[in-house]
Every structure is written in C-alpha cells, then in structure tokens.
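Notes for the structure review
Read off the chains here:
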Amino acid sequence: MILIMFGAPGVGKGSQAKILSEALRIPHISTGDIFRENVANRTELGRLVKVHMDNGLLVPDEMTIGLIMDRIYNADCKSGFILDGFPRTLSQVEHLGRSLKAEKRSIDTVVNITLDDAKIIGRLTGRRVCPSCNLVYHLAYNKPHNVGRCNKCSSNLVQRVDDTESTIVRRLQVYHAQTKPVLSYCRDRYVVVDVVSEDDIDDTTRNIFRSLGLAAIGTSDEGSQYMRLSNGCA
Ligand SMILES: [Zn+2]
C-alpha cells in the first residue's frame, strides 16, 4: 500500500503517519525527519537544508526528489510505504508518479487532513517534540505523562525552531501557494480521502482508518492490531 499524507503543517499528519506505519507494517518516510536528522548530524545535506528550514522555505526540489527516490527503492518499501512531507510541488508529484509507473506501481490513496489556519497556529505553537525518537506532543491536546519528558525515552522535549508563530505564518503561506496545486493534481489522478483533523488525536485516527477501509482491533495504544476490511470503502 502506497499512501501519501497530505495537509498543512500542524494538522498532525506526522503523528497519524506513524500510527499507520505501525498498523500496516510499512515504513513511514518523513522528509522533515530525514532533514532534521541530517541537520543534527551536521552533514553536507543538513547544512544546505538548515538555511531553508530556518526561514520557513521549502528545500529545493532536486535535493528532495533525489533523497526520496533513493529511499523508496530500499527493500523495506517493497510492500508499500507512507510519504509524509512529500510530494510538495507539482514537479515532485509528477516525478514520483513516473518512477512508480516504471515499476508498475501507483499511489493507492492520498490522505488529506484538513484544519483552519487559525487552529493550526494554536496547535503548532503548543507543539513539543522528542529530539531522540521524534515523537510529537502538545501542551494542550497530547500532553506527555511527565511534564517536559518523552513518554517513550524520557528525553527532554523541545520546541522546533520552525514552530514559532512568525515562521508558522510563513509556512502556511508557502503551503497554500505551492502545495495546494499538488492536491488538485492528485484529485484528478488518484483516490483522495479528506479527513478533518480533530482535537483528539484518536478521533482523527479512527476517521482515517475508516476512510481507508481499515478496522481497528482494540485501542490505538502501543501493541494494538489493525486489519483490512474485506469491503474496504476507500
Ligand atoms: Zn523520545
């Protein structure tokens, strides 16, 4: 199953992609995570990426496309993968479609998570992330068990440089200008499901699973199992 997670920064697509990745046992490929990792490790790619991310700008196409194409040809992507943060431009989505077609594969579903800009700003300024395992928390909606500490690895949570209000406003402008055409392009060619981002992360997960024709067995806590419905309604 090849899925694309779509939506403005702050709608929770990264968190949902992680849940889907565990449930479907396919890799979650986040351009943001890959870029941040390279920045943290001070690689050459990281140095180039940092200049763009700190200014709320998109990383240049050729850099991102090369990186993602390398990644999706890894053996672990054979039975599918979930893209998060890619494609963000028409050139990226066209390139991806061509590459997959050459391998007789295609994008199965684009999950478009929606939310008002005003709500996004509120959500992002309250977002905290774990610098070790990349888990995402929120001061109001998804609090860690212990204040300021990651539930999984106990690292001190941090606010991303690009989660400040002025950067967020610029990121939303970039999103609306450059990314929305990609969604229109996808609507003409692939299955696109629209899911509203609820305040409760579990509600959003349930809506996504339902729209993909996936049934949850048990809860969304760690270790839960999911199955594909035979009469999938995606
Ligand atoms: Zn952690």
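For strand β4 (residues 109-114), the buried fraction is high: five of the six residues fall into the buried class. Of the strand pairs in this sheet, strand β1 (residues 2-6) and β4 are connected by four bridges, and their pairing is parallel. Opposite Ile4, over in β4, you have Val110 as the bridge partner. Where β4 meets strand β7 (residues 191-196), six bridges bridge the pair, whose relative direction is parallel. Counted as the bridge partner of Ile113 is Val195 from β7.

Before going further, it helps to examine the packing of aromatic side chains. All told, the structure shown has zero aromatic pairs when counted by the stated rule. The side chain of Arg123 reaches across the aromatic face of Tyr141, ending 5.6 Å from its centre. Between the NZ or CZ atom of Arg189 and the centre of the ring of Tyr185, over which it lies, the distance is 3.7 Å.

Within the sequence span of helix α3 (residues 44-54), burial applies to Leu45, Gly46, Val49 and Met53. The buried residues of α3 all sit within an arc of 85° when viewed along its axis, so they share a single face. In α3, those exposed residues whose orientation departs by more than 90 degrees from the buried face are Glu44 and Val51. Turning to α3, the residues buried within the fold contact α2 (31-40) and α4 (61-72).

Turning to the sheet that holds strand β3 (residues 81-84), a few remarks are in order. Pairing is parallel across the open sheet formed by five strands, whose spatial order is β2-β3-β1-β4-β7. Taken across any chain shown, the strands that pair with only one partner, and hence form the sheet edges, are β2 (28-30) and β7. Looking at each pair of strands side by side, their axes are set apart by 20° on average, direction ignored. Each of β1, β4 and β7 touches helix α8 (residues 201-211); the most contacted strand, β7, lies at about 155° to it.

Surrounding the zinc ion are the protein donor atoms Cys130 (SG), Cys133 (SG), Cys150 (SG) and Cys153 (SG), at 2.2 to 2.3 Å. Because the angles between the four donor atoms bound to the zinc ion fall within 100 to 122°, the donor set is best described as tetrahedral. Taken in sequence order, the residues that donate to the zinc ion follow the motif C-x2-C-x16-C-x2-C.

With that settled, the discussion passes to the pattern of salt bridges. Close approach of charged atoms lets side chains of opposite charge pair. Evaluated as defined, the whole model comprises 10 salt bridges. Residues Lys18 and Asp33 are paired through a salt bridge, measuring 4.0 Å at the closest nitrogen-oxygen approach. Of this pair, Lys18 sits in helix α1 (residues 13-24) while Asp33 sits in helix α2, and the two are 15 residues apart along the sequence. In this structure Asp33 comes out as buried when scored by relative accessible area, which is 14%. Arg36 is the partner of Asp33 in a salt bridge, and the nearest nitrogen-oxygen pair spans 3.3 Å. A residue pair is termed a helical-turn pair when its members lie 3 or 4 positions apart in one helix, as Asp33 and Arg36 do in helix α2 at three residues. Three or more residues are tied together by salt bridges with common partners; here these are Lys18, Asp33 and Arg36.

Right, let's get into the side chain of Ser155. Mapped onto the elements, Ser155 comes out in the loop between β6 (136-138) and α7 (165-189). With near-sequence residues (within four places) excluded, Ser155 lies in contact with Cys130, Pro131, Ser132, Gly148, Arg149 and Cys150.

Helix length check: helix α5 (residues 90-102), at 13 residues, gives a terminal C-alpha distance of 18 Å against a target of 18 Å (1.5 Å per residue), a fit within 8%. Inspection of α5 places Gln92, Val93, Leu96, Gly97, Ser99 and Leu100 among the buried residues, and these make up the whole buried set. What you see down the axis of α5 is that its buried residues fit within an arc of 165°, all on one side. Along α5, exposed side chains directed more than 90 degrees from the buried face belong to Arg98, Lys101 and Ala102. Tucked inside the fold, the buried residues of α5 contact β1, α4, β3 and α7. Looking at the residues trailing α5, positive phi occurs at Lys104, about 55°.

Definitions and limits used
Residues numbered from 1 in each chain as written. Predicted model: local features only at pLDDT ≥ 70, side-chain atom pairs only at ≥ 80, totals over all residues. Heavy atoms only, no water. Buried < 20%, exposed > 50% of the residue type's maximum accessible area, 1.4 Å probe, protein only. Helix = DSSP H or I, 4+ residues; strand = E, 2+ residues; numbered from the N terminus. Pairing = 2+ DSSP bridges. Phe/Tyr/Trp six-rings, centres within 6.5 Å; stacked < 30°, edge-to-face > 60°. Lys NZ or Arg CZ within 6 Å of the ring centre and 35° of its normal. Arc of directions from axis to C-beta. Contact = heavy atoms within 4.5 Å. Axes fitted to C-alpha atoms, helices over the stretch in contact; angles between N-to-C directions. Donors = N, O, S within 2.8 Å, 3.2 Å for Na, K, Ca; no water. Tetrahedral: all angles 85-135°; square planar, octahedral: opposite > 155°, others 65-115°. Salt bridge = Lys/Arg side-chain N within 4 Å of Asp/Glu carboxyl O. Expected span 1.5 Å × (residues − 1).

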